[in-house]
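Descriptive analysis of the structure
Listed below are the residues making up each chain.
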Amino acid sequence: MAKSYKIAVLPGDGTGPEVVAEGNKVLLAAAAKFGFALDLTTFDFGGDRYLKTGEVLPESAVGDLQQFDSIYLGAIGHPDVKPGILEKGILLKLRFELDQYINLRPVRLYPGVETPLKDKTPEDIDYAVIRENSGGIYTGTGGISMKDTPQEVAVQSMVYNRHQVERCLRYAFEYTRKFGKKARGKGDANTLGLVGKTNVLTYVFDLWERAFHQIGEQDYPDVKREYYHVDATCMWMVKSPEWFDVLVTSNMFGDIITDLGAETQGGMGIAAGGNINPQGVSMFEPIGGSAPKYTGKNIINPLAAICAGAMMLETLGETEAAVAIEDAVKKVTGSEIKSLSAGKMGCTTSQVGDLVAERV
Ligand code: IPM
Ligand code: MN
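No experiment lies behind these values; they were computed from the predicted model shown. (Residues numbered from 1 in each chain as written. Chains lettered and ligands numbered in written order. Predicted model: local features only at pLDDT ≥ 70, side-chain atom pairs only at ≥ 80, totals over all residues. Heavy atoms only, no water.)

Right, let's get into the site of ligand 1. In the neighbourhood of ligand 1, the contacting residues comprise Glu-87, Leu-91, Arg-95, Arg-105, Arg-131, Tyr-138 and Asp-255. A distance of 2.7 Å separates an oxygen atom of ligand 1 from a polar side-chain atom of Arg-95. Contact distances for ligand 1 include 2.8 Å between an oxygen atom and a side-chain N or O atom of Arg-131. Protein coverage of the free-state accessible area of ligand 1, which is 320 Å², stands at 75%. At three residues, helix 4 (residues 85-97) tops the list of elements feeding residues into the shell around ligand 1. Of the residues that constitute the shell around ligand 1, the class distribution is two nonpolar, no polar and five charged. (Near = heavy atom within 4 Å. Polar contact = N/O pair within 3.5 Å; in protein donor to acceptor, adjacent residues only side chain to side chain. Areas by Shrake-Rupley, 256 points an atom, 1.4 Å probe, with all protein chains shown as cover. Helix = DSSP H or I, 4+ residues; strand = E, 2+ residues; numbered from the N terminus. Nonpolar A, V, L, I, M, F, W, Y, C, P; charged D, E, K, R; others polar.)

Spelled out as structure tokens, the structure:
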């Protein structure tokens, strides 16, 4: 019998449902072609449900989602809901409760896509960021006292324990060994760069740096190690992205630099990410958000969601199907669509899905 995967689909808010519909179309085409089955179950978590029921995420959600092989997410964020409620109550809650401690975000310029970086080509913009996804300032303790007085104090601390740092670094070393530039025939070394701020955050990044070199020296001597400050990383991401192979960094720094990275690869229309628990249930999403102003217009670019679907298949072990989707996306960006921006693609959201599905 053909292999079958149980996928929880969370279309979410805004344009999420539209891009996920195209993602599903492409995933099902790939499944048919490569001989496996996808059993899709949709959940209505998001802003509309919250506004109707007052409940952000039902009590049973985490347990229910744990029964699936993977989660495919559209976008979370609703214009009528105060910022933070849905993001923290759905997206971050799922990341933390399902212990998706890796956020994998490739920064890859596809053929035919315009980058704001002058004279840079797909050869130059081709690296991956591994963002720690379970700790740091996102889960550090904090609070406000003496609110609305001149003495008001607000604290939000960056907290990492050795276990969180080590498991993230080990994943990053493994990933670099497998998918670094040498492994892909694109260079003479597989290089992992740690992105930190050891010159100022002398506690947290001291821990990261020591763990990085200890683990690297002991278990991954074949992987070349580099260290970069986060501010300089931003500069080089613009000036010399070809220097990078795989980068690993903390949650907050990873959040910030991957938006910059996405812009250099042509924008949020193409940027995909995976929230990965290597031992558990992972969740794949376009990283661009719900883009509510484009909702229902059939003009949003679904390629980021489609690429997130490819990452999901790769993680499930369906590498051939994942590569076929990636190749199909490259054909479409290379010749069929005019731009990655919503409304400027020269075709509709569903036409882009059709084009990729046909080419798979
Ligand atoms: C992202 C987003 C989220 C984050 C927000 C929506 C909570 O910006 O996935 O990068 O900060 O992680
Ligand atoms: Mn972000």
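Picking up where we left off.
It is common to give the size of an interface as the accessible area lost on bringing the parts into contact. Here the protein is described as being made up of domain 1 (1-113 + 268-360) and domain 2 (115-125 + 134-265). Averaged C-alpha coordinates put domain 1 and domain 2 at centres separated by 24 Å. Of the roughly 1,900 Å² buried where domain 1 meets domain 2, counting both sides, 63% is carbon and sulfur surface. If you sort the residues of domain 1 by the area they bury against domain 2, Tyr-101, Val-107 and Leu-109 come out on top, with a joint share of 32%. Inspection of the region where domain 1 meets domain 2 yields one salt bridge. Residues Asp-99 and Arg-167 are paired through a salt bridge, measuring 2.9 Å at the closest nitrogen-oxygen approach. Elements that contribute at least two residues to the side of domain 1 that touches domain 2 include exactly helix 4 and strand 4 (102-108). Ranked by residues supplied to the side of domain 1 that touches domain 2, first place goes to strand 4 with six residues. Of the residues that constitute the side of domain 1 that touches domain 2, the class distribution is 18 nonpolar, no polar and four charged. (Domains from an automatic or database assignment. Buried area = accessible area lost by both parts, 1.4 Å probe. Salt bridge = Lys/Arg side-chain N within 4 Å of Asp/Glu carboxyl O.)

On to the side chain of Glu-18. Mapped onto the elements, Glu-18 comes out in helix 1 (residues 16-34). Comment: no salt bridge for buried Glu-18; closest opposite-charge side chain is Lys-297, at 9.3 Å. Not counting residues within four places of it along the chain, the set of residues in contact with Glu-18 comprises Tyr-294, Thr-295, Gly-296, Lys-297, Asn-298, Ile-300 and Thr-349. (Buried < 20%, exposed > 50% of the residue type's maximum accessible area, 1.4 Å probe, protein only. Lys, Arg positive; Asp, Glu negative; His and termini not counted. Contact = heavy atoms within 4.5 Å.)

Taken N-terminus to C-terminus, the directions of helix 1 and helix 11 (residues 349-359) make an angle of 15 degrees; their axes are 9 Å apart at the nearest point. Classified by the interaxial angle, the pair formed by helix 1 and helix 11 is roughly parallel. Along this stretch, helix 1 crosses helix 11, giving a crossing that reads as right-handed. Contacts from Glu-18, Glu-22, Lys-25, Val-26 and Ala-29 of helix 1 reach helix 11 at Thr-349, Ser-350, Gly-353, Asp-354, Val-356 and Ala-357. (Axes fitted to C-alpha atoms, helices over the stretch in contact; angles between N-to-C directions. Parallel < 35°, antiparallel > 145°, perpendicular 65-115°, else oblique. Left-handed = near helix turned anticlockwise from the far one by under 90°.)

This part covers a nonpolar patch on the surface. Side chains of Met-146, Val-153 and Val-155 sit close together on the surface and give an oily, nonpolar patch of about 250 Å² of accessible area. Position of Met-146 among the secondary structure elements: in the loop between strand 6 (142-145) and strand 7 (153-156). (Patch = residues over 30% accessible without salt bridge, like charges linked within 9 Å, V, L, I, M, F, W, Y side chains within 5 Å.)

This brings us to the pairing of strand 1 (residues 3-12). In this sheet, strand 2 (residues 36-42) lies alongside strand 1 in parallel orientation, the contact comprising seven bridges. Among the inter-strand pairings, Ala-8 is bridged to a residue of strand 2, identified as Thr-41. As defined by bridge partners, strand 1 adjoins strand 3 (residues 70-75) across five bridges and the pair is classed as parallel. Each bridged residue has a counterpart across the sheet, and for Val-9 the counterpart in strand 3 is Tyr-72. (Pairing = 2+ DSSP bridges.)

A few words on the pattern of salt bridges. The final tally for this structure, using the stated rule, is 21 salt bridges. The shortest N-O distance in the salt bridge between Asp-126 and Arg-184 comes to 3.1 Å. Of the two residues, Asp-126 sits in strand 5 (residues 126-132) while Arg-184 sits in the loop between helix 5 (162-179) and strand 8 (191-196), which places them 58 residues apart along the sequence. Here Arg-184 falls in the partly exposed class, since its relative accessible area comes to 31%. With a closest N to O distance of 3.6 Å, Asp-255 and Arg-131 form a salt bridge. Taken together, the residues Asp-255 in helix 8 (residues 251-264) and Arg-131 in strand 5 connect sequence positions 124 residues apart. A relative accessible area of 23% places Asp-255 in the partly exposed class. Connected via shared salt-bridge partners are Arg-108, Asp-126, Arg-184, Lys-186 and Glu-326.

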